[in-house]
Amino acid sequence: MSELRILEGLVAFFLILPLLKPFLSKLDPGGVVLLPLLGLGITIAVFPVYGFRVECVPLLVFALLETLLYLPSMVMLLKNPRYDTSLNDRPFLSAISLVFLAAVTGLALCFAPVEAAGSDPEAAVRLLEAPDGASYTLRIYGSGTGGSGEPAAARPLMVLIPPKSGSLMTVDRVCRELRDRGFTVISYSRSSGTARGDRGLTPPEVYGFWSIHRRGHRSAAANARGRALETERREELGFLLSRLRELGRDPALAGVDPRNIFLAGYGAGGGVLAALAASPRFKAENPGVRGIISVEGSIFSAFLEEPPPAPPDLSDKPWYRRLLPRIAYRLSRLRPKKMAGPGPGLAAGLPLLCIVSDRALEDRHREGRYAALFAALRSSQAPAVLAAVRGAGPLDYSDLPEKHPLYRFLFPGGPGGSWKNRDFPGGTASLMANFAALFLAAEVPPGEAPPEGAPRRESLPRRTPVAGVSLESGGVWIFHKPEDILGL
């Protein structure tokens, strides 16, 4: 996004000139004090145009402070054009301000995105109204052709539940990559009332994600928020699946095979899908669903709350010896409730792929926030595999590393990353497509080639799948091996 860098550089130019005025005698001592106000206006305009850019916040704060610093000079200059603004010069303060300006400008330029946070103009857009009054904006990625311009006979469908934070904006590129790999993809944004459903991440959303992700397995309050998100995602998925038959007549879904549907979900959506994979009722009601893909889904509904403390038995004690134990018991009931850990493992009856941060492989996280996911992996009855890309953080399997690089810095994975920022959308799509291709290919008779346009396995970015991706498997693999999702 070179135009954003140009704007940030222009803002820095407007902010630096007044600060250089005490040191450059030839610099006009008058009108340059008005430039911080112009720089502030440009910085404010960045946010509605490019979405919430967290890396631009320090630059915005600096522009605001510098504008306030020069506000008296601005007022006096507007009242009297001959006013000598050099009377208010502060060389020491200007020198310190130059150092801070260099820091905030460097931050904005260093973490500026490579690609604009827009949506694919070729995707078909459909609007749906739910019975509860919520509005769904569906984007359908796929022309219904198999790459040669002819209608594809059996193009699988991928229904992708986007992250709650950031919505469809954070997976638009992943959807496009899946389309290029032979899928028709449906994703959506949801809005209720006047709230927008498709927007950039905001500070409250980032904090909410951090709170649930870090404490949802320990704190009952954070777990309840995670369960609420899962309930919301479950209702959204139920509504979309109920409308698939109606949407099947849509020209944008021409050539889609309703017998080959894969469900993918991020965050709470991924947790819901991992739990539904173990539901015999869900499998019976949706015979076209061939596999489940969960991205950073912790399955908060699988964690159990610690039982409340039992009241002490004081029946044989005199009244004066019952007082303190009873007070201690009542105080213990007031403490914040905690989670005891995951319950029995969910035995998945559908093929399951879990894509997680490489932090999940650390013991404290394996037995903490990802404990329910590993339990589901061990208990699975169908083929199941967990994949963790080296160096990937919890927000990385999306468009965010490319569109919002600072979030990868704030929520990092482990050291020694295998993929660059630009690799994550395509790499994530390859993991998903390779996994789905295994179970689509199982229906092709031996010796016959897959139909034209059908997904095929391909290598992951940078050709380092063995060293760069850790795999753990569960369930029974008959026709394929878990390593096949690496596209070797």
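Residues numbered from 1 in each chain as written. Predicted model: local features only at pLDDT ≥ 70, side-chain atom pairs only at ≥ 80, totals over all residues. Heavy atoms only, no water.

1. Points about the pattern of salt bridges
Part 1 of the reasoning: This structure, assessed with the given rule, holds 15 salt bridges.
Part 2 of the reasoning: The partner of K403 in a salt bridge is D399, and the shortest N-O contact between them spans 2.8 Å. Per residue, the accessibility class of K403 equals that of D399, and both read buried.
Part 3 of the reasoning: One network of salt bridges, in which partners are shared, links R173, E177, R181 and E402. (Salt bridge = Lys/Arg side-chain N within 4 Å of Asp/Glu carboxyl O. Buried < 20%, exposed > 50% of the residue type's maximum accessible area, 1.4 Å probe, protein only.)

2. Here's the deal with the packing of helix α8 (residues 220-242) against helix α10 (residues 268-276)
Part 1 of the reasoning: Following both chains from N to C, one finds α8 and α10 inclined at 70 degrees, their axes separated by 8 Å at the closest point. Considering their axes alone, α8 and α10 lie roughly perpendicular with respect to each other. Contacts from L229, E230, R233, R234 and L237 of α8 reach α10 at A268, G269, G271, V272, L273 and L276.
Part 2 of the reasoning: Broken down by class, the residue content of the contact of α8 with α10 amounts to 6 nonpolar, 2 polar and 3 charged. (Axes fitted to C-alpha atoms, helices over the stretch in contact; angles between N-to-C directions. Helix = DSSP H or I, 4+ residues; strand = E, 2+ residues; numbered from the N terminus. Parallel < 35°, antiparallel > 145°, perpendicular 65-115°, else oblique. Contact = heavy atoms within 4.5 Å. Nonpolar A, V, L, I, M, F, W, Y, C, P; charged D, E, K, R; others polar.)

3. Quick word on the nonpolar core
Part 1 of the reasoning: With 52 residues, the main nonpolar core has Y136, L138, L157, L263, I292, I299 and L373 as its most contacted residues.
Part 2 of the reasoning: Sequence-distant contacts of L157, defined by excluding residues within four places in its chain, comprise T184, I186, L244, L253, V256, N260, I261 and F262.
Part 3 of the reasoning: Membership of the second largest hydrophobic core comes to 39 residues, among which are C175, I293, F424 and V469. (Core = buried A, V, L, I, M, F, W, Y, C linked by side-chain atoms within 4.5 Å.)

4. Some points on the pairing of strand β9 (residues 352-356)
Part 1 of the reasoning: Along β9, 5 of the 5 residues are buried, which leaves the element largely enclosed by surrounding structure.
Part 2 of the reasoning: Burial of the side chains of β9 extends over both faces: L352, C354 and V356 are buried on one face and L353 and I355 on the other.
Part 3 of the reasoning: The pairing of strand β6 (residues 289-295) with β9 spans 4 bridges and is parallel. Following the sheet pairing, V295 is matched in β9 by I355. (Pairing = 2+ DSSP bridges.)

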